[in-house]
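Residue-level listing of the chains:
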Amino acid sequence: MEITWPFKYLLVVALLTTTAADLAQSQESGVKDAAARGANEIMQTNQKKFGLVIHGGAGIIERGGTSAGREQEYRAGLDHALGAGYAILKGGGSSLDATEAAVRVLEDDPHFNAGKGAVNLARLVMEKSGHVMMDGEGAEAFAAANGVELVDQKYFYTEERWQALQKMKEAEKRGGVGGKKFIITDQDRHGTVGAVALDKNGNLAAATSTGGTTNKKAGRVGDSPIIGGGTYANNATCAVSATGDGEYFIRSVVAHDISALMEYRGMKLPEAAQTVLDKVAKLGGTGGLIAIDHDGNIALPFNTSGMYRGHVGVDGEFVVEIYR
Ligand code: ASP
């Protein structure tokens, strides 16, 4: 059976959590490929493998850099997200549902820099708008028309992120601090959550949700909502969700590049993922990514000191890790 465009994406939204200006720019975006949707619906195979990989952002996350209690809170959040996605996959549910469920848990967890509700609208955009991406006022109007609850900007406030923003602004005022030099600690900057999954029907999906980078300019768009940049899924190859210096990930077209190395070069997932991340590093970008292929193989490379991450497969063993 020949399947054309057998890919499906789930793109999840950038919810902005830092400044009032950013909040005014809150965007909800989503993607879909209509042809892909049709193809995926008929792509029923006998494969019963499934798997889920999640991340909660990469950055300067060092052993001993946080209290044991706080570390445990992060681990519990990741575990909870894995549980939500795993239950769906185990029960024969779709990778799309599993990634959405996992990301929603991470969005609702204030430890991670991604906001509540975003994934819901992204999915509606994918399934109902006839478009690949929507943003700004139009996206909000689409959300309202589809009965999606729009939360007040205040909802996204956390004292920690607010303080991080103030710190960044201070650093900026002192002058000469630009780009990556804004990174003071992981907590000051990192933040994106993501999930990739393979379901029992052989369908792959990827979801990414982010608050973006702290102190970004209003209107800035990072890699997370860019299909082929920070998010991508293709049933013929793999599903990818990235986190890190978005500008570098966009320039390197990271997620699609991994898929392309597999598709055109016949590279295996771990090698393809590492190759592309090395390319990002060469440009000066830091971060990481999670990926799963159509056979359930996974890759979780990162070039920072840590990345909140976890995975589970058919054996039901939950693996949660933070440090290198
Ligand atoms: N990639 C995200 C962005 O650039 C941020 C992150 O993952 O830390 O918006």
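Look up: the structure comes first, before these words.
These lines cover the structure that appears in this document, whether it is placed above or below.

## What about the packing of aromatic side chains?
Given two aromatic rings, one states the distance between the centres and the angle between the planes to describe the pair.
Reasoning step 1: Evaluated as defined, the whole model comprises five aromatic pairs.
Reasoning step 2: With a centroid separation of 5.9 Å and an interplanar angle of 40°, the aromatic rings of F50 and Y86 are classed as tilted. In this pair, F50 sits in the loop between α2 (34-42) and β1 (51-59) while Y86 sits in helix α3 (residues 68-90), placing the two residues 36 residues apart along the sequence.
Reasoning step 3: The class of F50 is buried, set by a relative accessible area of 7%.
Reasoning step 4: On the basis of relative accessibility, which here comes to 13%, the residue Y86 falls in the buried class.
Reasoning step 5: Considering the side-chain rings of Y74 and F112, the 5.4 Å spacing of their centres and the 85° angle between planes classify their relative orientation as edge-to-face.

## Focus on the environment of A206
Reasoning step 1: Within the secondary structure, A206 is located in strand β3 (residues 204-210).
Reasoning step 2: Between the C-alpha atoms of A206 and V196, which are ten residues apart in sequence, the distance is 4.3 Å.

## So, the pairing of strand β8 (residues 306-313)
Reasoning step 1: In terms of residue burial, β8 counts as a mostly covered element, since seven of its eight residues are buried.
Reasoning step 2: Looking at chain direction, β1 and β8 are connected through seven bridges and run antiparallel. Within β8, the position partnered with H55 by the bridge is R309.
Reasoning step 3: Where β8 meets strand β9 (residues 319-323), four bridges bridge the pair, whose relative direction is antiparallel. Each bridged residue has a counterpart across the sheet, and for H311 the counterpart in β9 is V319.
Reasoning step 4: The loop that links β8 with its antiparallel partner β9 comprises five residues; one of these, G316, has a positive phi angle of about 75°.

Cut-off values and rules
- Residues numbered from 1 in each chain as written.
- Predicted model: local features only at pLDDT ≥ 70, side-chain atom pairs only at ≥ 80, totals over all residues.
- Heavy atoms only, no water.
- Phe/Tyr/Trp six-rings, centres within 6.5 Å; stacked < 30°, edge-to-face > 60°.
- Helix = DSSP H or I, 4+ residues; strand = E, 2+ residues; numbered from the N terminus.
- Buried < 20%, exposed > 50% of the residue type's maximum accessible area, 1.4 Å probe, protein only.
- Pairing = 2+ DSSP bridges.

Interpretation in functional terms is not warranted from these geometric data alone.
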